[in-house]
Amino acid sequence: MTLTERVLEVKQFLQSTPIFQGVLDEQLQALANISILQTYKKGATIFLEGDPGSGFFIVKSGRIKVFKLANAGKEQILHIFAAGDHFAEVPAFDGGQFPASAGAIENSEVVFIPRAAFLMVLQQHPTLAIAILGTFARHLRKLTFLVDTLSFKEVPERLANYLLNLSSRRGNADVFELDLAKGQLAALLGTIPETLSRAFYKLSQDGMIEINGTSIKLCDRDRLMNVGKNK
């Protein structure tokens, strides 16, 4: 693939992402010109907490987790990003360090937009900053929701909410496959695999779900929605 073809591919991809919907063609072209396609194998590290914030990323394919590690090595997944999602914008603006680490859950391709070149593009096209400010607001809402979930909800309620949301992403299917290994799901829900297994067992024993390997069947949506509400 020639450089011109690669830039065109990136431009077409950027045009399809929510963050750059409605952005003018010349602005997309300016972004595509500075963008770098990067590929990562499953399990590869993209950056570590404390690394210089050299730019931000947009997922082209695959899935990326952003996470923090406790001193004892326990992992807390802050968010999982899929195709079209973007992450690490804050250090791209303030020039600080990455506040968390990022790694590939599966083979992934990302578009990397270097900080220095991006700031130059913003100076030339200041209306682009409005699109970026919208992403800050959305990510802040997600982080607030995460804090609320980890602070005030027990693991069975977190799991029930996750399964309902996953069903929604699958077109409200009653039967679906888990999209994460249970170790990663435990890290996302702020617990350990053993506690997560007990939560699965409890929901199953109470007749709300059925489990067959990685396949989940929702048997009682109403009760799942009210897990933890009637303490």
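So, here is what we can say about the structure in this document. (Residues numbered from 1 in each chain as written. Predicted model: local features only at pLDDT ≥ 70, side-chain atom pairs only at ≥ 80, totals over all residues. Heavy atoms only, no water.)

**Remarks on the side chain of Lys65**
Just so we agree on the cut-off: For helices the rule is a DSSP run of H or I covering at least 4 residues; for strands it is a run of E covering at least 2, with both sets numbered from the N terminus onward. Only protein chains enter the accessibility calculation, which uses a 1.4 Å probe; a residue is then buried when its area is under 20% of its type maximum, exposed when over 50%, and partly exposed in between. Under this definition, polar contacts are N or O atom pairs within 3.5 Å; protein pairs additionally need one hydrogen-donor-capable and one acceptor-capable atom, and for neighbouring residues in sequence, both atoms have to be side-chain atoms. The criterion used for residue contact is that any of the two residues' heavy atoms lie within 4.5 Å.
Within the element layout of this structure, Lys65 appears in strand E4 (residues 64-69). A relative accessible area of 14% means that Lys65 is categorised as buried. Here the side chain of Lys65 touches Glu75 through a polar contact of 3.1 Å, side chain to side chain. Those residues in contact with Lys65, other than ones at most four positions away along the chain, are Glu75, Ile77, His79, Ile80, Ser101, Ala102, Gly103 and Ile105.

**Digging into the sheet that holds strand E5 (residues 75-81)**
Quick reminder of the rule: By this definition, two strands are paired if DSSP reports at least two bridges between them. Every axis in this analysis is a line fitted to C-alpha atoms, fitted for helices over the stretch in contact. Angles between the N-to-C directions lie between 0 and 180 degrees.
The strand order across the open sheet built from four strands is E2-E7-E4-E5, with neighbouring strands paired in antiparallel fashion. Strands at the two margins of the open sheet, each flanked by one partner only, are strand E2 (45-47) and E5. Each neighbouring strand pair of the sheet contributes to a mean axis angle of 30°, computed without reference to strand direction. Pairing of E4 with strand E7 (residues 101-104) involves four bridges; the strand directions are antiparallel. Counted as the bridge partner of Val66 is Ala102 from E7.

**Considerations on the sheet that holds strand E11 (residues 215-218)**
Read across the sheet, three strands follow the order E9-E11-E10 without closing on themselves; strand pairing throughout is antiparallel. One side of each edge strand has no neighbouring strand; the edge strands of this open sheet are strand E9 (175-177) and strand E10 (209-212). If you compare each strand with its neighbour and ignore which way they point, the axes differ by 20° on average. Packing against the sheet, helix H8 (residues 193-205) makes contact with E10 and E11, and its axis sits at approximately 125° to E10.

**Here we look at the environment of Asn226**
Along the chain, the position of Asn226 falls in the segment after helix H9 (221-225). Sequence separation of Asn226 and Asn161 is 65 residues, and the distance between their C-alpha atoms is 9.4 Å. Looking at Asn226, its side chain comes within polar contact range of the main-chain oxygen of Asp222, at 2.8 Å.

**Side note on helix H6 (residues 155-169)**
Filter applied, for reference: In this analysis, the expected span of each helix is defined as 1.5 Å times one less than the number of residues it contains.
Across its 15 residues, H6 extends 21 Å between first and last C-alpha, which sits within 8% of the 21 Å expected from 1.5 Å per residue. Of all 15 residues in H6, twelve are buried, a share of seventy percent or more. What H6 keeps buried is the set Val155, Pro156, Glu157, Arg158, Leu159, Ala160, Asn161, Tyr162, Leu163, Leu164, Leu166 and Ser167.

**As for the packing of H6 against H8**
Operational definition: Here the angle decides the label: under 35 degrees means roughly parallel, over 145 means roughly antiparallel, 65 to 115 means roughly perpendicular, and every other value means oblique. Here the term charged refers only to Asp, Glu, Lys and Arg, the term nonpolar to Ala, Val, Leu, Ile, Met, Phe, Trp, Tyr, Cys and Pro, and the term polar to all other amino acids, Gly among them.
In contact at an axis separation of 9 Å, H6 and H8 are set at 70° when each is read in the N-to-C sense. Between H6 and H8, the crossing angle belongs to the class labelled roughly perpendicular. Of H8, the residues touching H6 (which contributes Val155, Pro156, Leu159, Ala160 and Leu163) are Thr195, Leu196, Ala199, Phe200, Lys202 and Leu203. Residues of the contact of H6 with H8, tallied by class, amount to nine nonpolar, one polar and one charged.

**Description of the nonpolar core**
Let me state the cut-off plainly: In this description, a nonpolar core means a group of buried Ala, Val, Leu, Ile, Met, Phe, Trp, Tyr and Cys residues linked to one another through side-chain atoms lying within 4.5 Å.
Of all hydrophobic cores here, the largest spans 39 residues; its most connected members are Phe20, Phe57 and Phe87. With five residues, the single largest contributor to this core is helix H2 (residues 25-34). Contact partners of Phe57, with chain neighbours within four places excluded, come to Gln38, Ile46, Phe47, Asp85, His86, Phe87, Ala88, Phe98, Val110, Val111 and Phe112. Ranked by size, the runner-up nonpolar core spans 29 residues in total, among them Phe67, Ala187, Leu203 and Leu224.

**Remarks on the pairing of E11**
As judged from the three bridges shared by E9 and E11, these two strands associate in the antiparallel manner. Counterpart to Glu177 in the pairing with E11 is Ser215. Taken together, E10 and the strand that follows it, E11, pair antiparallel across an intervening segment of two residues, in which Gly213 is found at a positive phi of about 70°.

**What to know about the packing of H2 against helix H4 (residues 115-124)**
To be explicit about the condition: Working rule for handedness: look at the near helix, and if it is turned counterclockwise from the far one by less than a right angle, call the crossing left-handed; if clockwise, right-handed.
As a packed pair, H2 and H4 sit with axes 10 Å apart at the nearest point and diverge in direction by 165°. One way to sum up the angle between H2 and H4 is to call them roughly antiparallel. Relative to H4, H2 is oriented so that their crossing is right-handed. Together, Ala30, Leu31 and Ile34 of H2 and Ala117, Phe118 and Val121 of H4 make up the contact between the two elements. Class assignment of the residues belonging to the contact of H2 with H4 gives a composition of six nonpolar, no polar and no charged.

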